[in-house]
Amino acid sequence: MLSPPIILPHTSISLRLLRLDRLHLPIGGNKYFKLKYNLEEAKNQNYSTLLTFGGAYSNHILATARAAQAQGFESIGIIRGEAHAPLNKVLQAAKEAGMQLHYINRSMYKLKHTKEVKEKLKQAFGGFYLIPEGGTNLEAVRGASEIPKLIAHTVYDTLLTPVGTGGTLAGLAIGLPPEKQLEGIAVLKGADFLKTDTHALINDFQKKYPAYSHAPLAHWNLQTDYHFGGYAKTSSSLNAFIQRFYLDNQILIEPIYTGKMMYAIADLAQKQYFKSNSRLIALHTGGLDYLPSSN
Ligand SMILES: *Cc1c(COP(=O)(O)O)cnc(C)c1O
């Protein structure tokens, strides 16, 4: 599932993509791994319904809808903001996968993880297995920790991933052999808090799963300068980069996650951030189902 080499001009760096976007379809991408043990846990706890939260373009909402459908769960998506008719393509696809969509206003949405709101949801929908917004919890970290098993350890020394909530990054830090370098590229602005969040996730995970806590962690780092103005913000240079990348490599990437990561990698390589002759593998985390611009 590795791509052919991707050329980084004027550097000694080799780069390939791990095509998670082509694995485990129709869920695909990192979301498959983040959901895997949540579904198992929901089954173990005898839940028949999954409930989760997201914005109107959430990859996580669609992935949850499809994963629920594939494994015979009901699913409920609590969507931030107001309903719009017709549904955008992400929500339409989630609905087609059987998800019930409910909308809550932004101020209520901010309180979604409080006891009060959870209680209200329980009254409205009965029992459900709750998956947080973005899908990040300790079960998601556990799933993501299995991603490095897909690649022979001898073929790379640095792994890179785009970062939204840090769940995938935390899992990779746990699952990677300790001698590997791990770089996350934050796609939102002011993402320094994600370093703390990721540390906390790793710590909580190791407490819950002591079997993992004996191994030393891979050295990980978070790049915070490649947000292009914020989450889902883009620029003409990022868009041009993505087009060029497609022409050169025939691999589609999108501007929200993988495009920013690839731009960052090219830029860091130019700036000689990586040791010479480094062998990089970057995760293609998916996200190509429906882009806001195609709506
Ligand atoms: C959700 C998502 C991410 C971010 O994963 P986190 O675990 O939240 O950091 C990266 N890429 C794509 C395509 C995603 O959908």
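Since the structure is predicted, the reported quantities are computational estimates derived from the model, not experimental observations.

> What am I meant to see in the domain arrangement of the protein here?
Where interface size is quoted, it is often the accessible area lost as the parts come together. Domain boundaries assigned for the protein yield domain 1 (14–26 + 141–290) and domain 2 (30–135). The C-alpha centroid of domain 2 is placed 25 Å from the C-alpha centroid of domain 1. Listed as interface residues are 17 residues of domain 1 and, on the opposing side, 13 residues of domain 2. Together domain 1 and domain 2 conceal approximately 1500 Å² of surface at their shared face, both sides included; 59% is due to carbon and sulfur atoms. Considering only the side of domain 1, the residues that lose the most area to domain 2 are His 24, Glu 146 and Tyr 290, jointly responsible for 35% of the buried surface there. Taken together, the connections running from domain 1 to domain 2 amount to two salt bridges. Here Arg 66 makes a salt bridge to Asp 289, at a shortest N to O gap of 3.3 Å. At the junction of domain 1 with domain 2, the criterion picks out six residue pairs in polar contact (both at pLDDT 80 or more). The element best represented in the side of domain 1 that touches domain 2 is helix α6 (residues 138–144), accounting for three residues.

> For this particular structure, what's the right way to read helix α8 (residues 193–208)?
Think of an α-helix as turning once every 3.6 residues; residues three or four places apart then point the same way. Helix length check: α8 (16 residues) gives 23 Å between terminal C-alpha atoms against 22 Å at 1.5 Å per residue, within 8%. Where the residues of α8 are buried, they touch α6, β6 (158–163), α7 (167–175), β7 (181–186) and β8 (219–223).

> Looking at this model, I keep getting lost on the pairing of strand β3 (residues 74–80). Mind explaining?
Here is the key point about a regular strand: its side chains alternate between the two faces of the sheet. Burial runs high along β3: five of the seven residues are buried. Of the pairings in the sheet, the one linking strand β2 (residues 49–54) to β3 comprises six bridges and is parallel in character. Within β3, the position partnered with Gly 54 by the bridge is Ile 79. One crossover worth recording links β2 to the parallel β3 by way of helix α2 (residues 59–70), and it is right-handed.

Parameters and conventions
Residues numbered from 1 in each chain as written. Predicted model: local features only at pLDDT ≥ 70, side-chain atom pairs only at ≥ 80, totals over all residues. Heavy atoms only, no water. Domains from an automatic or database assignment. Contact = heavy atoms within 4.5 Å. Buried area = accessible area lost by both parts, 1.4 Å probe. Salt bridge = Lys/Arg side-chain N within 4 Å of Asp/Glu carboxyl O. Polar contact = N/O pair within 3.5 Å; in protein donor to acceptor, adjacent residues only side chain to side chain. Helix = DSSP H or I, 4+ residues; strand = E, 2+ residues; numbered from the N terminus. Expected span 1.5 Å × (residues − 1). Buried < 20%, exposed > 50% of the residue type's maximum accessible area, 1.4 Å probe, protein only. Pairing = 2+ DSSP bridges. Right-handed = clockwise from strand over helix to strand, strands pointing away.

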